[in-house]
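# Topology and contacts: notes
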Amino acid sequence: MSVHVPNGAAILTDTTKCVGCRECVVACKKRNDLEPDVPRRWSLDDGLSARNWTSIVEKELPNGDPAFIRKQCRHCAEPACVSVCPVGAMQKDPETGAVVYDGDLCIGCRYCMMACPYGVPRYDWDQQVPYIRKCILCNDFLKEGKTPACTDACPYDATIFGTREEMLAEAHRRLEENPDQYIQHVWGEHEIGGTSVLYISNTDLSFLSYGSKLGDQSLPATTKTAMGAVPPVFAGMAGTMTGVYWIIKRRMKNQKDSDSTTSNPGDDNNG
Amino acid sequence: MDKTRMDRARVLKNILWGITGLAFAVAITRFTFGLGATTNLTDGVPWGFWIGFDVMSGVALAAGGFVLTAVVYIFQIKEFYPIVRPAVLTAFLGYVAVVLGLLFDLGLPWNIWHMIIYWNPHSPLFEVGWCVMLYLSVLTLEFLPVPLEDQPRWSKIHDTLTKFRIPLVIAGISLSTLHQSSLGTLFTIMPYRIHPLWYSPILPILFFLSAIALGLFMITFEGHTTTWIYRRHSHRDMLAKLNRATPWVVLTYIVVRIGDLTIRGQIHHAFTTDWHAIAFWIEIGFLLIPAVLTMVKRVRRSDGLLWLVSFLGLMGVVVNRINTGGVMHTGRGIGAYLPSWTEFAISFGVVAVAGLIFLWLVEHFNILESKPIDEENYPEVKPKFDNLSRTWLGLPSFANRARFSLSFVIMAGVGFLLLSGESVRSSGVEPEIALPARGGDTLWVDGNRDRFGVSFHHAAHVVRADSLYNGCATCHHLNLPGDKNTECSSCHRDMYSATDAFGHDWHANSNGAKLSCSECHPQGEVRQAETAAECVTCHKDLIPAAVGERTLLFDYPVKGYLAPSYADAMHGVCLECHYLVAEEKQDVRFQQCSFCHSEHPSFVNVGPEEYPTSGKVIVPLDLGETGQ
């Protein structure tokens, strides 16, 4: 099973309570000092961008009413972005469990954007000095004992903050209390090893990832075998090549000794 | 050299310099305006052609180096020795191209050295980065003896490097194995992103196998190309023999790939009609055709056919890398991606630079068995005038430089010309024509959201607002600071308050009713409201006859000059009859609020046919004009 940060910060979003007022979006932009944004050529239709770290997406319920679902970084227990960053610019804070980004280390390869199964990290495509931008769970504020701006701002408690254990318990309590009102699933409890941002809803939220339903296996595990094979492959290849070279050389030498009248064309020095 | 025939090398170099010039213009733009202005990448497709072509394919094209050094130095099949130097040089330049391409693709290329000191050994890209650095160093050391060999000053270094050749070759092969395969590892973390026909947990193995195949194709392609450019003696026999291995390597790759798809139960994706399946078969076809053709001895021994076949094979693997690297990524929100011309320009520019370095090195060092052009012994030729300008450009070597500079400058100019304008400056803001809003002609205005409201005839208001007031801005403030909704009462000022409905001045004005004072104010009386004539004296039908002398709701007198408020007036108009009918029929329902304001959220929906009485009842809102 995956390893979660004990008492790590977590957010539970109950989409049945969200009325789509976008106070969280505004609060996030204010606290993180994000500039205004307009849809650009490179924007996706989910509202997230380098300047919008959280957004509300609408989905139609079977009865025609809209469901409002808040998108943000999921702060995975075993984040793919952290695992793939070649310079460690993406890090999971060992205290809070927030996935944070250090622009000073970043080389701009955008592998994190490719690897994230939720497609969360966004890029400053219009900047000469571009950085990866995404929700950092207001990590600096968490460390001061404060709470994230988005959960503070929510007027209907549709998105609430606490430790992951508390939030999971609360999610299951709500699912049990009103079983008819929810789909009996906590998104983020097990998918890809679990995330710190959890959702309960009356509609299927699998669409928050790239289309297909996510499995429980954490993504860094998919590269583990291949990465673990690196030292043995290197040593094995070097060993095999040395061995082959030595055997063939020896065989040629034996042949030369037995047939000393012919010269070996391989021993000339043209190169 | 035969001077009367076309100088193929010169024409090729001219083209390459031109491409470099175009890429130069794009490069400047890329670093001035950022990635957004010069690529078609999006937040959904963050890796595109530069990664797929320059990096992934560049590395794969370099596979010829490690394949041939293994054949010649480890397996000691010395007959291939004449083609090992160009192969090592190609590998070296392939890696130079990778690094050059990366410098454009990385957002912060000046931080590329961070990989040396900030480590994240879990990252496949970290491994790729280190392999590039190490293998580039190994290739440099492998290649360095060539330019040093005829220089007595450097003979010591040359001899030392030659002594360490076998360890270097072994290090190179091992690094290449890791590197080719770790490019596949890069993508194993994206099982939900890459189309199932391209995703596989054994991508590293597939990439390694296809890299070996590509190595053979590349050696063949490059061998026959240089032969053709410099009109040299062909290594036909050697390349034909080398290509006896090609079909088996390629077929192994195809079998492993399709076998892997079959075992994991994903092969059914290949038998659909969507374009992913078609692209898959095109890719396989690009490899299968060369594999089958190289089995034929006649093809192997024909320079032209083998060149074509190896080119097809190259395309097969390159397309595979580009597909895996960004094109065959599926999923919600990722969107379509087609590289922009600027991306092609940079990619081909990088290849052109590598090609120019290749040609320069081939002409100045013993890469091939002998130098193709002997510059010191240029044949004595008469001054030859340039065809276009009718000027003498100088000695052949100098004249060529002039021509190449011209190509470069012209193409750079073309590049800047194409890049000027809105496409770059607007930096991705999509221009969109603003259209007037098209709401319904009648809107249901429910200000306090209690499901009771009024139907607002927007179309009629638009006509009035346009002719009388400030158009849309009368009500819509177009998002000025401090904006708020315009209430109905800001125009209909009598909606909620009792109002003096009597316009005294209008009645007295000669442009109005043109009445003399005495027509309302009796002679001799003090002229005040209390003593004036009542409105009904003149306006005989001001008040419905049925109302009579009754006092209306809320004790507003019908007599007098104070008009009831809008809401009360509406109630007054309707309720009078409702009360009468309720009395008459002895049915209290007719005077209950819910009779009109039903739970159904619309007062409007009370249609005339639902009214119990005849023509006395006034339909509260006219639905006839709304087109319903």
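About the cut-offs
- Counting restarts for each chain, with residues numbered from 1 along the sequence as it is written.
- Naming scheme: in the order in which they are written, chains are lettered from A and ligands are numbered from 1.
- Local features in a predicted model are, by the rule used here, given only for residues with pLDDT of at least 70; side-chain atom pairs are given and counted only at 80 or more, and totals for whole chains, interfaces and linings are based on all residues.
- To get the side-chain values, all heavy atoms of the structure are used, and hydrogens and water are removed first.
- Any two of the Phe, Tyr and Trp rings considered here, Trp counted by its six-membered ring, make a pair once their centres fall within 6.5 Å; the pair's planes then place it as stacked at under 30 degrees, edge-to-face at over 60, or tilted in between.
- Helix numbering and strand numbering both begin at the N terminus, where a helix is a DSSP run of H or I of at least 4 residues and a strand a DSSP run of E of at least 2.
- Throughout, nonpolar core names a set of buried Ala, Val, Leu, Ile, Met, Phe, Trp, Tyr and Cys residues whose side chains join them through atoms within 4.5 Å.
- Each residue gets one of three labels from its accessible area relative to the maximum for its type: buried under 20%, exposed over 50%, partly exposed in between, using a 1.4 Å probe on protein chains only.
- Residues are treated as being in contact if the distance between any of their heavy atoms lies within 4.5 Å.
- Only residues whose relative accessible area exceeds 30% and that form no salt bridge enter a patch; like-charged residues are grouped when within 9 Å of one another, and nonpolar side chains (Val, Leu, Ile, Met, Phe, Trp, Tyr) when within 5 Å.
- Areas reported here follow the Shrake-Rupley algorithm with a probe of radius 1.4 Å; residue values treat only the protein chains shown as occluding.
- The salt bridge criterion pairs a side-chain nitrogen of Lys or Arg with a carboxyl oxygen of Asp or Glu, the two atoms within 4 Å.
- Any two strands are treated as partners once DSSP identifies two or more bridges connecting them.
- For every element, the axis is a line fit to its C-alpha atoms; helices are fit only across the contacting stretch, and the angle between N-to-C directions ranges from 0 to 180 degrees.

Moving on, we get to the packing of aromatic side chains. By convention here, two paired aromatic rings are described through the distance between centres and the angle between planes. All names here are of chain B. What the rule picks out here adds up to 25 aromatic pairs over all chains. Ring centres of F49 and F348 lie 6.3 Å apart, and the angle between their planes is 85°; this geometry places the pair in the edge-to-face category. Of this pair, F49 sits in helix α3 (residues 49-61) while F348 sits in helix α17 (residues 341-364), and the two are 299 residues apart along the sequence. Members of the aromatic cluster, each reached through a chain of ring pairs, are F49, F53, F344 and F348.

Before going further, it helps to examine the nonpolar core. By size, the foremost hydrophobic cluster in this structure holds 162 residues, and its most contacted members are Y111 of chain A together with L89 of chain B. At 14 residues, the largest contribution of residues to this core is made by helix α11 (residues 203-229) of chain B. Dropping the residues within four chain positions of it, L89 of chain B is found in contact with F143, F358, L361, V362 and I367 of chain B. Counting 24 residues, the second-largest nonpolar core is a separate cluster that includes I11, L142, V197 and Y199 of chain A.

Residue and element names in this part refer to chain B. Residues W341, L406, I410, V414 and L418 make up a contiguous nonpolar surface patch of roughly 460 Å² in combined accessible area. The residue V414 is located in helix α18 (residues 396-419) in this model. Overall, the relative accessible area of 33% leaves V414 in the partly exposed class.

Let us now look at the pairing of strand β9 (residues 197-200) of chain A. On a regular strand, each side chain points to the face opposite its neighbour's, so the side chains alternate between the two faces of the sheet. All names here are of chain A. Burial along β9 is two-sided: the residues V197 and Y199 and L198 and I200 are all buried. When strand β1 (residues 9-14) meets β9, the two strands line up parallel, connected through four bridges. Counted as the bridge partner of L12 is L198 from β9.

All names here are of chain A. Taken in spatial order, the three strands of this open sheet run β8-β1-β9, and their pairing is mixed. Both outer strands of the open sheet, β8 (159-163) and β9, are each paired with one neighbouring strand and no more. Across the sheet, the axes of successive neighbouring strands diverge by a mean angle of 25°, strand direction being ignored. Strand direction decides the pairing type here: β1 and β8, joined by five bridges, are antiparallel. Paired with L12 across the bridge in β8 is I160. Against the sheet, helix α6 (residues 164-177) contacts β1, β8 and β9, and its axis sits at roughly 130° relative to β8.

All names here are of chain A. Tracing the sequence through the fold places T15 in the loop between β1 and α1 (23-31). Taking the relative accessible area as the measure of exposure, T15 reaches 4% and is therefore buried. In this structure, T15 is in contact with F68, I69, Y199, I200, S201, N202 and L205, ignoring residues within four places of it in sequence.

With that settled, the discussion passes to the pattern of salt bridges. When their charged atoms lie close together, side chains carrying opposite charge are able to pair. Residue and element names in this part refer to chain A. Taken as a whole, this structure holds 21 salt bridges over all chains when the rule is applied. In this structure, R122 and D46 form a salt bridge, with 2.9 Å as the shortest nitrogen-oxygen distance. Highlighted residues: R122 in strand β6 (residues 122-123) and D46 in the loop between α1 and β2 (55-60), separated in sequence by 76 residues. Comparing R122 with D46, the two get one shared label, buried. For R133, the salt bridge is made with D124, and the minimal N-O distance between the two is 3.6 Å. By relative accessible area, which is 24% here, R133 ends up partly exposed. For D124, a relative accessible area of 5% translates into the label buried. Salt bridges sharing partners connect three or more residues here, namely D14, E170, R173, R174 and E177.

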